[in-house]
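The primary structure of each chain is shown beneath.
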Amino acid sequence: MKLPNHQQLREFVNMSCLLTSHKFTLNMITTDELTMNVLILAGDELETLIPPDGQVYYNTTLSDDNTGKLELKNYVLQHREDINEIHKLCEAIKMDAKPLDAHNFIEILHCQSQS
């Protein structure tokens, strides 16, 4: 497994602190070996990608997701060694991911942690 760079590690620590302070469980943390994006799956819905440039992107998987991403995510959580499926999940997340805006993201975390 290839390791993240310094920028990714810094943002990973920031995200981990932020997520766990809002009582999110970190379900999976891994690296997409093909793109070197760090993937964090937290709580039931939250997905975070940190590419090598250190910019953080986030998205959610809703239970009524009709793109198949929910099924892929569940598969990856059960088969953590499948690097091809991890890559597919990261690409699916990246399609709808938004760059992190700290203020908006904290509001989203607060709302999701209350439900």
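Here, the structure is the one placed above.
Residues numbered from 1 in each chain as written. Predicted model: local features only at pLDDT ≥ 70, side-chain atom pairs only at ≥ 80, totals over all residues. Heavy atoms only, no water.

Enquirer: What is the right way to read the packing of helix α2 (residues 69-78) against helix α3 (residues 83-96) from this model?
Expert: The interhelical angle for the contact between α2 and α3, taken along N-to-C directions, is 145°, at an axis separation of 10 Å. For the crossing formed where α2 meets α3, the hand is left-handed. On α3, the residues touching K69, L72, K73, Y75 and V76 of α2 are E85, I86, K88, L89, A92 and I93. Residue composition of the contact of α2 with α3, grouped by class: seven nonpolar, no polar and four charged. (Axes fitted to C-alpha atoms, helices over the stretch in contact; angles between N-to-C directions. Helix = DSSP H or I, 4+ residues; strand = E, 2+ residues; numbered from the N terminus. Left-handed = near helix turned anticlockwise from the far one by under 90°. Contact = heavy atoms within 4.5 Å. Nonpolar A, V, L, I, M, F, W, Y, C, P; charged D, E, K, R; others polar.)

Enquirer: Help me out: how do you make sense of the pattern of salt bridges in this one?
Expert: Pairs can form between side chains of opposite charge whenever their charged atoms are close. A full pass over the atoms with the stated rule returns five salt bridges. One salt bridge connects K73 with E47, and the closest N-O pair in it is separated by 3.8 Å. With K73 in helix α2 and E47 in strand β3 (residues 46-50), this residue pair connects regions lying 26 residues apart in the sequence. By relative accessible area, K73 is classed as buried at 4%. In this structure E47 comes out as buried when scored by relative accessible area, which is 0%. Linking K94 and E91 is a salt bridge whose minimum nitrogen-to-oxygen distance equals 3.3 Å. Taken as a pair, K94 and E91 lie in helix α3 at a separation of three residues, close to a single helical turn. Judged by relative accessible area, which is 27%, E91 ranks as partly exposed. Here the salt bridges share partners, and the residues they tie into one network are E47, K69 and K73. (Salt bridge = Lys/Arg side-chain N within 4 Å of Asp/Glu carboxyl O. Buried < 20%, exposed > 50% of the residue type's maximum accessible area, 1.4 Å probe, protein only.)

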